[in-house]
Amino acid sequence: MTARTTRRTTAAHSRIAAVSAIAVAGALLLTACGDQTSSGSGTKESGGASSSAALFSKLPKKYQDAKVIKVGTDAAYAPMEYEEGGKIVGIDPDIATALGKELGVTFQFTSGTFDGLISSLNTGRQDVVMSAMSDTKARQEGLDDKGKKVGEGVDFVDYFTSGVSLLVKKGNPDKIQSLDDLCGKKVAVQRGTIYETTFKTQAAKCTKDGKGTLTIEAFDTDAEAQTRVKSGGAVADLNDYPVAAHIAKTAGGGNDFEVAGNQTDAGPFGIAVDKNNAQLRDALKEALTAIIKSGEYTKVLEKWDVKNSAVTEATINGGK
């Protein structure tokens, strides 16, 4: 991402922030499996296989025969996907379960490193990637961060919208609603993340507009940044919207933080499919359309308190 093209591309920083966030929230320790080919505790099946499902006939024959779609993910990004009790759970697995009911197949999630997920499609280890992956033109065209061609690219079925959100102390005592409200104040953030870059950009804008200095305190972990906000030493932290919403819901039993204002820099997350697998891509699009229409999609987002990230229709390659 501007912010979006780098989030979940520079996954280590985003993921460290997410895992640290959950540590502060008091959730279970998350441990991701190391290889997409493993099939141990990091594997979860979502959805029940049934040839009588409405869209079963839309699938390529190999999936009709196997009744399984193999999904690559990096299960260390709560609440999108993470491990709990030896299973991969979260928003993505729940959406996959709903899709599986429409398609009559099981979505089998296996966790691996984020930067290896697209290559897992090219090698056939996985059929799709569902890992809060931003749909970008670069990924569609197989380009690296410098614009160099490194692969054939992938197609995306866009199913979720996410931007970055401000996390403030419960009750929002400083009445923060936007980045502009931070001018003249102090913020806390994890060092080296895209969120620190966003704050630096805003600091320059505050100075240029003559609205006061935005002071940035950077920490090794997002947990430290959250502690600073909770204590009142800073007015806000910054994170992906689903992560921020999850922290607000769980930290201190929901009494420590809240999400302030609207998401910024919002863009789509997509289910990545190999470009040579258009029939599967189109079947997934039809299944997503079906669960949006039936309301099952909304139920998942309501369960995780991320209704603001809903898409209203299924699209292919809508990222910029």
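The model shown is predicted, which means the values in this text are computed figures rather than measured ones.

Peer 1: Hey, could you run me through the overall build of the protein in this one?
Peer 2: Counting its secondary structure elements, the protein contains ten helices and 13 strands. A separation of at least 24 residues holds for 77% of the contacts in the protein among residues at least 6 apart in sequence. Here the protein has roughly 13000 Å² of accessible surface; of this, 50% comes from carbon and sulfur atoms.

Peer 1: When you look at the pattern of salt bridges in this model, what are you seeing that I'm missing?
Peer 2: Per the stated rule, a full pass over the model turns up 15 salt bridges. With a closest N to O distance of 3.2 Å, D209 and K205 form a salt bridge. Residue class for K205 comes out partly exposed when judged on its relative accessible area of 35%. Between D282 and R281 there is a salt bridge; the shortest N-O distance is 2.9 Å. Each of D155, K275, R281 and D282 takes part in salt bridges that share partners, so that together they form one network.

Peer 1: Got a minute to help me understand the state of the cysteines in this structure?
Peer 2: As used in these notes, a disulfide is a covalent bond between sulfur atoms, one from each of two cysteines. Summed over the entire model, instances satisfying the criterion amount to one disulfide. Covalently, C183 is tied to C206 through a disulfide, its sulfur atoms 2.0 Å apart. Between C183 and C206, the S-S dihedral sits near -80°, and the bridge is therefore left-handed. In this pair, C183 is assigned in the loop between β8 (154–169) and β9 (186–190) and C206 in helix α6 (residues 194–208), connecting sequence segments 23 residues apart.

Peer 1: Can you help me understand the side chain of S111 in this one?
Peer 2: Locating S111 in the fold gives a position in strand β6 (residues 106–111). By relative accessible area, S111 is classed as buried at 0%. One polar contact links the side chain of S111 to the main-chain amide nitrogen of A75, over a distance of 3.0 Å.

Peer 1: What exactly am I supposed to notice about the confidence of the model for the protein here?
Peer 2: Any segment with low pLDDT has predicted coordinates that should not be analysed in fine detail. Across the protein, pLDDT averages 87, with 85% of residues at or above 70. The low-confidence segment residues 1–41 (pLDDT under 50) makes 116 contacts with residues lying over four places distant or belonging to another chain.

Peer 1: Quick question: what am I supposed to make of the side chain of D94 here?
Peer 2: By secondary structure assignment, the location of D94 is in helix α3 (residues 91–103). Classification of D94 by relative accessible area gives buried; the value is 16%. Side chain to side chain, D94 and W304 meet in a polar contact 2.9 Å long.

Peer 1: What am I meant to see in the pairing of β9 here?
Peer 2: Burial runs high along β9: four of the five residues are buried. Where β9 lies against strand β10 (residues 215–219), five bridges are found, and the strand directions are parallel. Paired with A188 across the two strands is E217, which belongs to β10. For the handedness criterion, the β-α-β arrangement of β9, α6 and β10 is classed as right-handed.

Rules and cut-offs
- Residues numbered from 1 in each chain as written.
- Predicted model: local features only at pLDDT ≥ 70, side-chain atom pairs only at ≥ 80, totals over all residues.
- Heavy atoms only, no water.
- Helix = DSSP H or I, 4+ residues; strand = E, 2+ residues; numbered from the N terminus.
- Contact = heavy atoms within 4.5 Å.
- Areas by Shrake-Rupley, 256 points an atom, 1.4 Å probe, with all protein chains shown as cover.
- Salt bridge = Lys/Arg side-chain N within 4 Å of Asp/Glu carboxyl O.
- Buried < 20%, exposed > 50% of the residue type's maximum accessible area, 1.4 Å probe, protein only.
- Disulfide = S-S within 2.5 Å.
- Polar contact = N/O pair within 3.5 Å; in protein donor to acceptor, adjacent residues only side chain to side chain.
- pLDDT = per-residue confidence, 0-100.
- Pairing = 2+ DSSP bridges.
- Right-handed = clockwise from strand over helix to strand, strands pointing away.

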